[in-house]
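# Coordinate inspection notes
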Amino acid sequence: MKKILLFVLSIGLFALQAQDVPTAKPGVHGKISSVKYVPSIASQIANGTFIPFENLPQAKEVNLKMKGANKVVPGKGFPKGDDPLVAAQRAQSRSQGRDPDLVFDADQNSNVTPTDPTGAVGPNHYIAAWNVGFRIFDKEGNPLIPEASLGTVLTGNTTGDPIILYDHEADRFVITEFDGNPNGFEMAVCEGPDPVNDGWYVYLNQFTTGSFPDYTKFSIWHDAYYVTANIGNNNRVFAVERQEMLQGNDAQFVAFPLPGIQTSGFYSPHGFNWTRGDAPAGDHTICYLQDDAWGGVTEDHLKLWNIRLDWGDVANSVIMGPVEITTTPFTSVFDGGSFSNLEQPSGPDVDALQATIMNQAQWRKFNGYNSALLNFVVDTEGGAGELAGIRWYELRQDDEDSPWEIYQEGTYVSPVEGKHACQASMAMDDFGNIGMAYGSVSSTQSIHINYTGRFNGDPLGMMTVDETLIAQGSSNNPSLRWADYSHLSLDPADGQSFWHIHEYFDPGRDDVVGVFSLAPALSNDMGPLSIDAPVDGSLSATEDVVITIRNYGVETQSNVPVSYQIDNGPWVNETYPGTLMSQENDQYTFTVQGDFSTIGQVYTINAAVALGTDENPLNDTISIQVTHLLPDDIGVTSINAPQSADNLGATEDVIIDIQNFGGLPQSNFDVSYTLDGGTPVTETVAGPLNPNSQMMYTFGSTVDMSTLGEYEIKTYTSLGGDLDANNDTTEATIEKFLCAPEIDCSFGDGFQYVEVGGMTNSSGCEDSGYSDFTNLVATLNEGTAHDLTVTTGWGSQYVKVWIDFNDDFTFTADEIVAESDPIAAGQGAGEYTETFDLTVPLGVPLGDHLMRMKANFNAEVPNDPCEATQFGETEDYTATLLPVGLNDHPFGENDIVVIESDNDQFLIQLESTVINDPLLISIIALNGQTVAENWIVPQNGLYQYDLDMSYAASGVYMARIWNKESSKIAKFLVK
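This report concerns the structure included in the present document.

Thresholds, definitions, all that
- Residues numbered from 1 in each chain as written.
- Predicted model: local features only at pLDDT ≥ 70, side-chain atom pairs only at ≥ 80, totals over all residues.
- Heavy atoms only, no water.
- 1 Å grid on protein atoms, 1.4 Å probe; cavity = no way out; pocket = protein on both sides within 12 Å on 5 of 7 lines; lining within 4 Å.
- Points joined across faces, edges and corners; volume = space filled by probe spheres on them.
- Helix = DSSP H or I, 4+ residues; strand = E, 2+ residues; numbered from the N terminus.
- Nonpolar A, V, L, I, M, F, W, Y, C, P; charged D, E, K, R; others polar.
- Salt bridge = Lys/Arg side-chain N within 4 Å of Asp/Glu carboxyl O.
- Buried < 20%, exposed > 50% of the residue type's maximum accessible area, 1.4 Å probe, protein only.
- Disulfide = S-S within 2.5 Å.
- Phe/Tyr/Trp six-rings, centres within 6.5 Å; stacked < 30°, edge-to-face > 60°.
- Lys NZ or Arg CZ within 6 Å of the ring centre and 35° of its normal.
- Pairing = 2+ DSSP bridges.
- Axes fitted to C-alpha atoms, helices over the stretch in contact; angles between N-to-C directions.
- Contact = heavy atoms within 4.5 Å.
- Polar contact = N/O pair within 3.5 Å; in protein donor to acceptor, adjacent residues only side chain to side chain.

Here we take up empty space enclosed by the protein. Per the counting criterion, the structure on display carries 3 cavities of 30 Å³ or more. Volume-wise, the largest cavity comes out at about 150 Å³. Along its surface, the largest cavity is lined by 17 residues, and Tyr 166, Asn 273, Thr 275, Ser 489 and Leu 490 are the ones closest to its centre. The biggest single contributor to the lining of the largest cavity is strand β20 (residues 270–276), with 4 residues. Considered class by class, the residues forming the lining of the largest cavity number 9 nonpolar, 7 polar and 1 charged.

Our next topic: the pattern of salt bridges. Considering all chains together, one arrives at 21 salt bridges under this definition. Residue Arg 391 is joined to Asp 83 by a salt bridge in which the shortest nitrogen-to-oxygen separation is 3.1 Å. Of this pair, Arg 391 sits in strand β26 (residues 388–397) while Asp 83 is found in the loop between β5 (60–61) and α2 (86–91), placing the two residues 308 residues apart along the sequence. Note on accessibility: Arg 391 and Asp 83 belong to one class, buried. Between Arg 242 and Asp 167 there is a salt bridge, with the nearest N and O atoms lying 2.7 Å from each other. Of this pair, Arg 242 sits in helix α3 (residues 242–246) while Asp 167 sits in strand β12 (residues 163–167); the two residues are 75 residues apart in sequence, bridging distant segments of the chain. Of the two residues, Arg 242 and Asp 167, neither departs from the other in class, the shared state being buried.

Let us now look at the state of the cysteines. This structure, assessed with the given rule, holds 1 disulfide. With its sulfur 1.8 Å from that of its partner, Cys 745 forms a disulfide with Cys 765. Since a negative S-S torsion denotes a left-handed disulfide, the Cys 745-Cys 765 link at about 85 degrees is right-handed. Of this pair, Cys 745 sits in the loop between β48 (729–736) and β49 (753–756) while Cys 765 sits in the loop between β50 (759–762) and β51 (770–781), and the two are 20 residues apart along the sequence. Looking at Cys 745, the relative accessible area reads 2%, which means it is buried.

What the rule picks out here adds up to 33 aromatic pairs. Where Tyr 697 meets Phe 699, the ring centres are 5.2 Å apart and the plane angle is 80 degrees; that geometry is what we call edge-to-face. Each member of the pair Tyr 697 and Phe 699 is classed as buried. A ring pair is formed by Tyr 957 and Phe 972, whose centres lie 6.0 Å apart and whose planes are at 25 degrees; its orientation type is stacked. Remark: Phe 972 occurs in strand β64 (residues 967–974) and Tyr 957 occurs in strand β63 (residues 955–962); sequence separation between them is 15 residues. With relative accessibility at 7%, the residue Tyr 957 sits in the buried group. Members of the aromatic cluster, joined through ring pairs, are Phe 104, Tyr 126, Phe 137 and Trp 499. A cation sits over an aromatic face here: Lys 80 above Phe 78, 5.4 Å from the ring centre. Here the guanidinium or amino end of Arg 396 rests over the ring plane of Tyr 407, the centre of that ring lying 3.6 Å away.

Looking now at the sheet that holds strand β42 (residues 634–641). The strand order β42-β43-β46 describes an open sheet built from 3 strands, whose pairing is antiparallel. The sheet is open, and its two edges are formed by β42 and β46 (693–698), each paired on a single side. Strand-to-strand, the axes of this sheet are offset by a mean angle of 25 degrees, without reference to chain direction. Where β42 meets strand β43 (residues 655–660), 6 bridges bridge the pair, whose relative direction is antiparallel. Directly across from Val 636, in β43, lies its bridge partner Ile 658.

Turning our attention to the environment of Arg 308. Within the fold, Arg 308 resides in strand β22 (residues 301–308). You can call Arg 308 partly exposed: its relative accessible area is 44%. For Arg 308 and Thr 812, which are 504 residues apart along the polypeptide, the C-alpha to C-alpha distance reads 60 Å. Setting aside chain neighbours within four positions, we find Arg 308 in contact with Asp 283, Ser 317, Val 318 and Met 320. Polar side-chain contacts of Arg 308 include one of 2.9 Å to the side chain of Asp 283.

The omega angle of the peptide bond from Thr 113 to Pro 114 is -10 degrees, so this bond is cis rather than trans. Mapping Pro 114 onto the fold places it in the loop between β7 (112–113) and β8 (118–121). Cis rather than trans, the peptide bond between Gly 687 and Pro 688 has omega equal to 0 degrees. By secondary structure assignment, the location of Pro 688 is in the loop between β45 (681–685) and β46. Backbone geometry at Asp 335 places phi at a positive 50 degrees, although glycine is not the residue there. Checked against the element boundaries, Asp 335 lands in the loop between β23 (318–326) and β24 (361–366). Unlike most non-glycine residues, Asp 676 shows phi in positive territory, near 50 degrees.

Dropping the structure here:
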């Protein structure tokens, strides 16, 4: 029996603050004793020592972004349905965003995959960087230098993953990148405010990390520059002595562990980055998400650690924590941890960058509190579908000695149906407005870059600025790797302009910079922000109409004309009597009430602000729809169970969602279901089910779906006086698709002997007509016709063979590799042998795949290998596909071993004497869904992977260990 998880969603969000926060000492510390001075870029250009950016001759994946041991647990974690914060965001009124002030390409047609776009704005310059170059622009987007190699400043190092920082207090730019020889990271600090004409203090090969420091994240604090990186078993957070580096002096560094951290296998926490304003006085905070879909995490939360440095005696420095802050549930896992997630119009699915605090986690001080912003991508759709959205947070503390708490959290999704939003970067301007730019893609729209935002004082947790385009790509990504991060920074010259850089394809792999602002650009600009009342419900002829208006402009405004209109009727014109300062909101209730008394009618309400001197008419009006709900109206909106599967049985629960569409609470109403048009099963739901709300109901009576095939199930409510029967009923087709069809082979039909690719098998007839011989392997070469020899015990046998090239547990027409004419046509019992061709096409994925052989009596084998026939047999084998002329598997001759222990725990092993490189492992369900995927790093040729399937559905799964060149597979059963 599977574990039953009990989940309680608390309405309030609260911080769990430990009484005695644990502390840890530094792991390593030292001093950088050699600092190199690099002359200015202007002088390098003048004397001929400048190193221009040199594009690679062909596409190159600069950083592997590999993970360690997988901790994603298939089937574990909440929410089970849609992200609970999405509905409110979708319903939120949004004001139109302004077109970007400036858009320009930072680089063009890079051959590096991905480009890792990063950039930062200063008072007079913008520096954009990518793998493995950078360029400096003026504030109009004009280049001031040619495209430069990172080696121009970092003295020959072009390893990649640059991060550009602007240290606003010091008025200096900082350029960083990682280094693989030795493993570590490097930093260059400009000696003055002009990155073109000032020199650089360069700190090279000093911050050694032991293992390769992938995916570095840098942040600025008053006492240090902080950096995290994905370093495998050496994961730590580093701090380097900022004040000394600004002077070009020897600088100390120190590294800390992050005690108590859990990951999905990829380590990407982020330190708070001091964005602007007054300096922090306290400890530095590191933050990371913790998903209850991961092993070792019981509920979704944020983890925070505080670092207290003592540069006078580094050994006295400590890291404190972790402290946990409970969040609204989220799902950060896509495709079981795979990097291939989001569909584009053509090409591979692209990486959503899951389990990552995106660049950067911005911190700043305001009057009376400190604020920190962070975000990461989440899957907002429950079930098998995936839709990327952005879970974002503003944390606040009263002062440096107070605990951090969630001030607001939200999940942003694109307002366009089916379009993903991900790879976001966000910051807060001087007015407290939040700007967030992000990437988007869908099955119909190529990768493009947008921004949204919210104004200070808007409803908490809501992005209220409509999706606004920065740049639209003209082609699709040929790789699954996309950007790896984006970077938004706040202009220190005005405190309100957001400069953002991201990767798109136009037509090649390019980085584009977009500049936008939410703060007032005009002196006189007012508009309605939202219509707050009425809302859907049992409405009357005398309803208050309430709006929120905003002063978007610079000038203070008073006595402003406001209006509303119902269904294109006459406008109600009144005057807002108050005074609104710049960037302020206020709510206004009209004295003339509205008539919304017609039951069932959907009303359109328009609201307007008519400031006589208004300079921006685009935000002067807003519109919503409000429904006068029928008093009695309920219905079934979805059938949650059963779902199509391979393991449906005789006692399947029927679970439905019931919606109260009406304006009155409902209790003790009937709900029914029928199976294949049979006798209805009717039960009474006690309730109460409140207006405009939903509940899940499980019938006490179960259904029998133990036989292969399709089932039609219909569920419906029966409420006396229900005023809308159109929404009462929901129907679904459920399929038991266990692809092991039952066939009669007792007369000798099917296979008594098979020989192909060095594999031989003598077999009898299983009772069901299906046999699993996946432990037997046929070694085949691509682009080659192989002899397939079959012996059958009855005549008139047709044979068809499939190889599951894409490992999705389904066999399709383009995966057929052999078909025979009837063996021993017209013959009865006897022993008949025939040899015919099994041809493997060129260019198919190499490695191990399932191979299905199916025989049928006196008729061609159906194209659907799951289809049962009266006489015949089905047998499954493993096919190892190798390049032409190669006879040995690149991973060696050993097979995958799956060792089961109690409670559906599995150890998956592969031992190899010929390969010792990291390999990917995928766990695939019978419906083709990847439920877990990660890297395995071998120990002396032994690949081991611990897999917890105690939360997963029962059934057959496939373990696939693979790389781009080859693979091995093994089937296993979860009971």
